[in-house]
Amino acid sequence: MPDPEILYRTHSLPQATIYSLQIPVHGFQVVPALATGVDEVDTFARQQGAIAVINAGFFDPINQKTTSPVTLHGKLAADPRLNDRLMTNPALRPYLDRILNRSEFRRYRCQGTFQYAIARHRDSVPANCQLMDAVGGGPQLLPDNTAVQEGFVDSVDGVIVRDGIGSSQPNARSAVGITADGSILLVMVAQKPGVSAPSGMSLADLAGFMQTLGAQQAMNLDGGTSSALYFQGKTLYGKLDDAENPVARPVKSVLLVQKSPQ
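Report follows, based on the coordinates.

Reading the values: rules and limits
Residues numbered from 1 in each chain as written. Predicted model: local features only at pLDDT ≥ 70, side-chain atom pairs only at ≥ 80, totals over all residues. Heavy atoms only, no water. Disulfide = S-S within 2.5 Å. Helix = DSSP H or I, 4+ residues; strand = E, 2+ residues; numbered from the N terminus. Pairing = 2+ DSSP bridges. Axes fitted to C-alpha atoms, helices over the stretch in contact; angles between N-to-C directions. 1 Å grid on protein atoms, 1.4 Å probe; cavity = no way out; pocket = protein on both sides within 12 Å on 5 of 7 lines; lining within 4 Å. Points joined across faces, edges and corners; volume = space filled by probe spheres on them. Nonpolar A, V, L, I, M, F, W, Y, C, P; charged D, E, K, R; others polar. Salt bridge = Lys/Arg side-chain N within 4 Å of Asp/Glu carboxyl O. Buried < 20%, exposed > 50% of the residue type's maximum accessible area, 1.4 Å probe, protein only.

## Considering the state of the cysteines
Evaluated as defined, the whole model comprises one disulfide. Two residues share a disulfide in this structure: Cys110 and Cys129, whose sulfurs sit 2.0 Å from each other. Its torsion about the S-S bond being 110°, the disulfide of Cys110 and Cys129 is classed as right-handed. Of this pair, Cys110 sits in strand S9 (residues 103-110) while Cys129 sits in strand S11 (residues 129-136), placing them 19 residues apart in sequence.

## Concerning the sheet that holds strand S3 (residues 28-39)
Spatially, S3-S20-S4-S18-S19 is the arrangement adopted by the five strands of the open sheet, whose pairing is antiparallel. Both outer strands of the open sheet, S3 and strand S19 (234-237), are each paired with one neighbouring strand and no more. In this sheet, adjacent strand axes meet at a mean angle of 20° when their direction is disregarded. Where strand S18 (residues 228-231) and S19 come together, four bridges link them in antiparallel fashion. Directly across from Tyr230, in S19, lies its bridge partner Thr235.

## Looking at the environment of Val187
Within the element layout of this structure, Val187 appears in strand S16 (residues 184-191). Sequence-wise, Val187 and Asp97 are 90 residues apart; in three dimensions their C-alpha atoms are separated by 28 Å.

## A closer look at the layout of surface pockets
Approximately 550 Å³ is the volume attributed to the largest pocket. Around the largest pocket sit 24 residues that line it, and Phe58, Phe59, Thr67, Gly164 and Ile165 are the ones nearest its centre. Every element with two or more residues in the lining of the largest pocket is listed here: strand S5 (59-60) and helix H2 (84-87). Of the residues contributing to the lining of the largest pocket, the split by class is 10 nonpolar, eight polar and six charged. The calculated volume of the second largest pocket comes to roughly 270 Å³. Among the elements of the structure, S3 and strand S10 (113-120) are those that each provide at least two residues to the lining of the second largest pocket. By residue number, the principal contributor to the lining of the second largest pocket is S10, which donates four residues. Its residues placed into classes, the lining of the second largest pocket shows five nonpolar, seven polar and one charged.

## Focus: the pattern of salt bridges
The full count for this structure, using the stated rule, is seven salt bridges. Notably, a salt bridge pairs Arg122 with Asp97, separated by 3.1 Å at the nearest N-O pair. Here Arg122 is found in the loop between S10 and S11, whereas its partner Asp97 is found in helix H3 (residues 96-99), with 25 residues between them in sequence. We classify Arg122 as partly exposed; its relative accessible area is 47%. Here Arg106 ties to Glu104 by a salt bridge, and the two come within 2.8 Å at their closest N and O atoms.

## Some words on the sheet that holds strand S7 (residues 70-72)
The strand order S8-S7-S11-S9-S10 describes an open sheet built from five strands, whose pairing is antiparallel. Only two strands of the sheet have a single neighbouring strand rather than two, namely strand S8 (75-78) and S10. Between one strand axis and the next, the sheet turns by 35° as a mean value, whatever way the strands run. Bridging between S7 and S8 involves three bridges; their strand directions are antiparallel. Opposite Thr71, over in S8, you have Leu76 as the bridge partner.

Right under this line is the structure:
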């Protein structure tokens, strides 16, 4: 039987170009990695020997500290509660509890086998399993869009008064999904030059697109200028500047695709 292969696809839509990777259940692992400060995705790839890399958790570009929890090898490696700019921001105080309990992409070890899931940060680990790795993002896209519950969106009398990541507006996006057979989907939405309307995708449209790829669970990752995907020695960027040139931005955390250890 031939070795499983990663399925790479480019999807051209009127308002966006979408790049997707489908990672087979066997032969590969998808794990988070964390920079001391911030690094570009191709730097992560070189340092970690990764086949593919996508940007992952939210962070503060001013102090380079995480605003998403990251667990590596069973231990909390990045804690947003240690980010003073997050914890003492008066504008975020009403949402802080929900921000600290956003969705995360998890990797469990369950009686000698590895499994992936998307769960809230405070959700319990399944019986007979150990949480090995996780990186926060949010909101969850599938099976339900949890933008309101996770604290990104707030409305008064049906009018949106806060939407911290512009969930309803087209933008560059990154996301991770899990299919019925356990394959992992990495998706990066790139803005498209030369279109009249704002380019990119809303989170609702991204959720629908992830469904067409077979995702049963899916989660939004950091987007906008952070959106980037590395594969086969090439880095693709999601955000365009005013001159319609791709924006390369160093990030705090990523998801790596590596060959499974033998």
